[in-house]
Amino acid sequence: MEWWWQLLLGLGTVMPIWAGDKLLNVCMKAKPHKREPSPEDQLYEECMPWKDNACCTANTSWEAHLDVSLLYSFSLVHCGLMMPDCQKHFIQAVCFYECSPNLGPWIQLVVGLSGQGERILDAPLCHEDCEQWWADCHTSYTCQSNWYGSWDWSRGKSRCPARAACHPFPYYFPTPTDLCEKIWSNSFKASPEYRNSGRCLQKWFEPARGNPNVAVARLFASPAPSWELSSTLMAFSLSLPVLF
């Protein structure tokens, strides 16, 4: 039985190293992210909070502010003009996605027809972020709940699919949680935690106050607490005798 005891000891030394720094201060392997974060003094408007350390370029930050983004050819005006307060949330979300170097714990590998890439999954947005986003989009219109879904691209930009009717946002997103989690196919998760709790991400922040998401990423990248690891190892060890 020497082999399984060596494995058990190995788990105790390897598991805490598995995440850590490798998930911190990183950029997604996705177009048009930079290979690694660095200062960008000329970031545009809503992307400015990340100017000290960004995964986006100045050009990307400008494109994020267009009604029809050159980044993805996606049109925010697919159901007519979007209310300014609502549109601001989407611009901030795109800046967050493109510029933040603090999304490492939620980066997932994606394999598609064009090859491998990365996306984020279940990044926990703070309670206020989801609530305010939903409230400010009440009077804007869209035609489907999953914007990663099928669109009509026949004219080079996203248009509503046939028989997909435009309705106010609450029709497709009855709650703030629905909006945060469904809009981009679970890229975000609606967290019950509030800003300044250190346990959720802000999709925008005041640059002068520093980036609160640095500490949040560090928390989620940290190994499991020692008691949790001990419980896992104990459960594993107790299950081993059945193998003999």
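Residues numbered from 1 in each chain as written. Predicted model: local features only at pLDDT ≥ 70, side-chain atom pairs only at ≥ 80, totals over all residues. Heavy atoms only, no water.

Undergrad: I'd like to hear about the state of the cysteines, residue by residue, with values.
TA: Among covalent bonds in proteins, the disulfide is the one between the sulfur atoms of two cysteines. On inspection of all chains with the given rule, the structure shows eight disulfides. With its sulfur 2.1 Å from that of its partner, Cys56 forms a disulfide with Cys99. Across the disulfide from Cys56 to Cys99, rotation about the S-S bond amounts to roughly 95°, and the bridge is consequently right-handed. Taken together, the positions of Cys56 in the loop between α1 (2–14) and α2 (58–63) and Cys99 in helix α3 (residues 84–99) put the pair 43 residues apart, joining distant regions of the chain. (Disulfide = S-S within 2.5 Å. Helix = DSSP H or I, 4+ residues; strand = E, 2+ residues; numbered from the N terminus.)

Undergrad: How would you sum up unusual backbone geometry? Please name residues and give values.
TA: Backbone geometry places Asn25, a non-glycine residue, at a positive phi of 55°. Its identity as a non-glycine residue notwithstanding, Asp122 has a phi of 60°, on the positive side. For Asp122, the location among the structural elements is in the loop between β2 (115–120) and β3 (123–125). Using a relative accessible area of 34% as the deciding quantity, one classes Asp122 as partly exposed. (Buried < 20%, exposed > 50% of the residue type's maximum accessible area, 1.4 Å probe, protein only.)

Undergrad: So what about the nonpolar core? Which residues, and what values?
TA: Counting residues in hydrophobic clusters, the biggest one holds 47 residues, and the most contacted among them are Phe90, Trp133 and Trp147. Where this core is concerned, the elements lending two or more residues are α3, β3, α4 (127–136), α5 (169–172), α6 (176–182) and β6 (188–190). Beyond its immediate chain neighbours, meaning those up to four positions away, Trp133 contacts His89, Phe90, Ala93, Leu125, Leu179, Cys180, Ile183, Trp184, Phe188 and Lys203. (Core = buried A, V, L, I, M, F, W, Y, C linked by side-chain atoms within 4.5 Å. Contact = heavy atoms within 4.5 Å.)

Undergrad: Quick one: what's the story with the pattern of salt bridges, residue by residue and with numbers?
TA: If you walk through the whole model with that rule in mind, you get six salt bridges. Asp52 serves as the salt-bridge partner of Lys51, at 3.5 Å between the closest nitrogen and oxygen. Of the charged contacts in the structure, one is a salt bridge between Lys182 and Asp178, with a shortest N-O distance of 3.6 Å. One end of the pair is Lys182 and the other is Asp178, both in helix α6 and four residues apart, which spans about a single turn. The class of Asp178 is buried, set by a relative accessible area of 17%. (Salt bridge = Lys/Arg side-chain N within 4 Å of Asp/Glu carboxyl O.)

Undergrad: Explain helix α7 (residues 213–221) residue by residue, including any values.
TA: Within α7, the full set of buried residues consists of Asn213, Val216, Ala217 and Ala221. Buried residues along α7 cover an arc of 130° about the axis, so they all sit on one side. Tucked into the core, α7 has its buried residues touching α3. (Arc of directions from axis to C-beta.)

Undergrad: So what about the packing of aromatic side chains? Which residues, and what values?
TA: Each aromatic ring pair is characterised by the separation of its centres together with the angle its planes make. Counting across every chain of the model gives 17 aromatic pairs. Both rings, one in Phe90 and one in Trp184, keep their centres 5.9 Å apart while their planes meet at 85°; by these two values the pair is edge-to-face. One end of the pair, Phe90, is in helix α3; the other, Trp184, is in the loop between α6 and β6, with 94 residues separating them in the sequence. When its relative accessible area of 1% is taken as the criterion, Phe90 is described as buried. On the accessibility criterion, Trp184 (16% relative accessible area) is buried. With centroids separated by 6.4 Å and ring planes inclined at 80°, the aromatic side chains of Trp147 and Trp151 adopt a geometry described as edge-to-face. The exposure class of Trp147 is buried, given its relative accessible area of 4%. One aromatic cluster in this structure is built from Trp50, Phe74, Phe90, Phe96, Trp133, Trp147, Trp151, Phe169, Phe173, Trp184, Phe188 and Phe205. (Phe/Tyr/Trp six-rings, centres within 6.5 Å; stacked < 30°, edge-to-face > 60°.)

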